[in-house]
Amino acid sequence: MCTIGVLRFTDGSYALFKNKDFGRRRFDDRITVERDVFGAAGLATFARDDPDGDEFSGFSIGANSSGLLSCDANVRTVDGHANYDDLVEIALRQSNDVATAIPAIGDAVLSRPYHWANLVLIDAEQSAAIEIRGQRMHVLVHRTPIVRTNHHITLGATPLDDNTSTSAPRLDVALRDVGALESVDQTFDLLRFHGPDGTSLCVHGPPQTVYSYVLHQVQGTSTLSVIQGPPCETSVPTVLTIPFGESWSPSAAAEFQRTYPSAVTVPRR
């Protein structure tokens, strides 16, 4: 389970958000901080209660120095298919914007089948939602806010989806409220949402929201605001400026790793 989306604020800046929901009460991100790419690692294999069995690949959320932001949400895991988190990393490493990311992802999907997923991407000019189903791919490009949860919109929900109970209600709530958001703080208010009818974007497990993120791009600067654990339990996120380009150095990357809310430090690549 995850809730993801992209939006533009009235000041001209733009943002990407994600609630990362896992079937484990605690999870520690592994992050990559390079001169031109930032990402929180995705999971190729999820080992339930044993983190030592996790196998990581790709990025579940990330940004690059050109201002492209992207993340994903699971729809269905299929034995023998590749990890959709790899597609987010491909987009961020091989592309400068949404327009070039779409064919990069398309080439990867043509080469092998991937687990079913939703991806969202945003840059200074365009926004896109991409539905992945094996080797099928559907792209919707537009400038308005985009929200996705754990089912496909165009390709359609199916009884085989990994989440058939809460995905649609969470999507309805997020779509209802996303258009009124005017700041990063208000975006976290959405990610903290608990409804009186039990429909909640902030999930208390299992599964549970283990991270909440808002990537914010303003005047060439990429900022990450992040909360580890259910966001309703933390009023103030950790706010980090991603040290891209000339701001990057081994010490800046190490300081970012040190400040990031995770018990795991990954060696610099």
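In this text, all values refer to a predicted model and were calculated from it rather than measured experimentally. (Residues numbered from 1 in each chain as written. Predicted model: local features only at pLDDT ≥ 70, side-chain atom pairs only at ≥ 80, totals over all residues. Heavy atoms only, no water.)

## Some words on the overall build of the chain
Scanning the chain from terminus to terminus reveals five helices and 13 strands. Dimensions of the chain along its principal axes, counting C-alpha atoms only, are 50 × 45 × 45 Å. Relative to its 269 residues, the chain shows a buried fraction of 56%. At a minimum sequence separation of 6, the contacts of the chain that also span at least 24 residues come to 59%. Per element, the accessible surface of the chain, about 11300 Å² overall, is 49% carbon and sulfur. Within the chain, the 32 negative side-chain charges are centred at a point lying 2 Å from the centre of the 22 positive side-chain charges. (Helix = DSSP H or I, 4+ residues; strand = E, 2+ residues; numbered from the N terminus. Buried < 20%, exposed > 50% of the residue type's maximum accessible area, 1.4 Å probe, protein only. Contact = heavy atoms within 4.5 Å. Areas by Shrake-Rupley, 256 points an atom, 1.4 Å probe, with all protein chains shown as cover. Lys, Arg positive; Asp, Glu negative; His and termini not counted. Charge placed at Lys NZ, Arg CZ, Asp CG, Glu CD.)

## Quick word on the nonpolar core
Among the nonpolar cores identified, the biggest contains 34 residues, and Leu16, Phe38, Tyr213, Leu215, Leu224, Phe256 and Tyr260 are the most heavily contacted of them. The element best represented in this core is strand S11 (residues 208-218), accounting for four residues. Once residues within four sequence positions are removed from consideration, Leu215 is found in contact with Tyr14, Ala15, Leu16, Ile61, Gly62, Ala63, Leu69, Thr223, Leu224 and Ile242. Counting 24 residues, the second largest nonpolar core, distinct from the first, contains Val37, Tyr84, Leu87 and Val98. (Core = buried A, V, L, I, M, F, W, Y, C linked by side-chain atoms within 4.5 Å.)

## Here we look at the side chain of Ser13
Tracing the chain through its elements places Ser13 in the loop between strand S1 (2-8) and strand S2 (14-22). Judged by relative accessible area, Ser13 falls into the buried class, the value being 2%. A polar atom in the side chain of Ser13 sits 2.6 Å from the side chain of Asp11. At 2.8 Å, the side chain of Ser13 forms a polar contact with the side chain of His216. When near neighbours in sequence (up to four residues on either side) are disregarded, Ser13 contacts Arg8, His216, Gln217 and Val218. (Polar contact = N/O pair within 3.5 Å; in protein donor to acceptor, adjacent residues only side chain to side chain.)

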